[in-house]
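Per-entry structural report
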Amino acid sequence: MLARIAAILLLPLALAGCGINQIPTLEEQAKADWSQVQNQYQRRADLIPNLVETVRGYADHEREVLNEVVEARASASKIELNVDDLTNPALVEQFNAAQERLSGALGRLLVTVERYPDLKANQNFLQLQSQLEGTENRIAVARRDYIEAVRLYNTELKTFPGRLWAATLYSSYEPMATFEVPQATFSPPQVDFSRGSSSNSQPAPAPNAN
């Protein structure tokens, strides 16, 4: 009787040692990291209207680039992607492509304002610039963390002993979609607002979504 009780008590520890909980644990981590990606994208979207209005106050005739930012933000905001959609590569690619179009439009806007010294000295604009650069940096970090979390989760589904648990207890769990981002895009656009129009700043490159 004591041996049976001991076996029952030790069974959960033995199963945990075999990685029985690894798949759901890694899935939850990937979902949490995706939530951070979305949070940072939303923070950027919230900054854009004030940024556009500030630029318009000094450079209203730059309507083409301003409209490009507004339209890119609207398109990106229309695509809602929750954690249950992460196993759909087409939806993830669509979401990523829309966000990258917005990144490119913002990069072009920031280069355009180099021609307006009064705008670059505006305190509201300087504050927005600082917040935007910080958000772009957090987006890059959040994306990198999500990519790594998905890599670990998908690898667990394909390798032993995770493959064994996936075929038995976790048969409904599916690989998550991810995207590849060139290393250069892990840094925000380098735009120096203290320099003149001869600045070497360039708009952020738009990577191909996978």
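In this report, we go over the structure that sits alongside the text. Keep in mind that what you see is a predicted model, and the values were worked out from it rather than measured. (Residues numbered from 1 in each chain as written. Predicted model: local features only at pLDDT ≥ 70, side-chain atom pairs only at ≥ 80, totals over all residues. Heavy atoms only, no water.)

**Quick look at the environment of Glu-53**
What counts here: Counting from the N terminus, the helices are the DSSP runs of H or I reaching at least four residues and the strands are the DSSP runs of E reaching at least two. Each residue is placed in one exposure class: buried if its accessible area under a 1.4 Å probe, protein chains only, is under 20% of its type's maximum, exposed if it is over 50%, and partly exposed if it falls in between.
Tracing the backbone through its elements, the reader meets Glu-53 in helix H2 (residues 22-58). By relative accessible area, Glu-53 is classed as partly exposed at 48%. Residues Glu-53 and Phe-125 lie 72 residues apart in sequence; the distance between their C-alpha atoms is 9.9 Å.

**Digging into the nonpolar core**
As a rule of thumb, soluble globular proteins bury nonpolar side chains together. We apply this condition: To define a nonpolar core, start from buried Ala, Val, Leu, Ile, Met, Phe, Trp, Tyr and Cys residues and group those joined through side-chain atoms within 4.5 Å. Throughout, a contact is declared for two residues whenever any of their heavy atoms are within 4.5 Å.
Residues Trp-34, Leu-51, Val-55, Leu-109 and Tyr-146 are the most contacted members of the largest nonpolar core, which totals 48 residues. Sorting the residues of this core by element identifies H2, helix H3 (63-78), helix H4 (89-112), helix H6 (123-158) and helix H7 (162-168) as the ones contributing at least two each. No other element matches the eleven residues that H2 contributes to this core. Excluding its chain neighbours within four sequence positions, the residues that come into contact with Leu-109 are Leu-51, Val-55, Val-65, Leu-66 and Val-69.

**With respect to the packing of H2 against H3**
Just so we agree on the cut-off: In this description, a line fitted to the C-alpha atoms serves as the axis of each element, helices being fitted only across the stretch in contact, and the angle between N-to-C directions of two axes falls anywhere from 0 to 180 degrees. Oblique is the label for every angle not falling under 35 degrees (roughly parallel), over 145 degrees (roughly antiparallel), or within 65 to 115 degrees (roughly perpendicular). Should the near helix be turned anticlockwise from the far one by less than a right angle, the crossing is termed left-handed; should it be turned clockwise, right-handed. Only Asp, Glu, Lys and Arg are considered charged in this grouping, and only Ala, Val, Leu, Ile, Met, Phe, Trp, Tyr, Cys and Pro are considered nonpolar; every other residue, Gly among them, is considered polar.
Orientation of H2 relative to H3, taken along the N-to-C sense of each, is 165°, at an axis distance of 11 Å. Here H3 runs roughly antiparallel to H2, going by the angle between their axes. Pair H2 / H3 crosses with left-handed handedness. On H3, the residues touching Ala-45, Ile-48, Pro-49, Val-52, Val-55 and Arg-56 of H2 are Leu-66, Val-69, Val-70 and Arg-73. Its residues assigned to classes, the contact of H2 with H3 shows eight nonpolar, no polar and two charged.

**Looking at the packing of aromatic side chains**
The following threshold applies: We call Phe, Tyr and Trp rings a pair once their centres come within 6.5 Å, taking the six-membered ring for Trp, and we label the pair stacked below 30 degrees between planes, edge-to-face above 60, and tilted otherwise.
Tallied over the full model, the rule gives five aromatic pairs. Their ring planes at 70° and their centres at 5.8 Å tell us that Tyr-41 and Phe-95 sit as a pair that is edge-to-face. Remark: Phe-95 occurs in helix H4 and Tyr-41 occurs in helix H2; sequence separation between them is 54 residues. According to the relative accessible area criterion, Phe-95 is buried, its value standing at 5%. Members of the aromatic cluster, joined through ring pairs, are Trp-34, Tyr-41, Phe-95, Tyr-146 and Phe-179.

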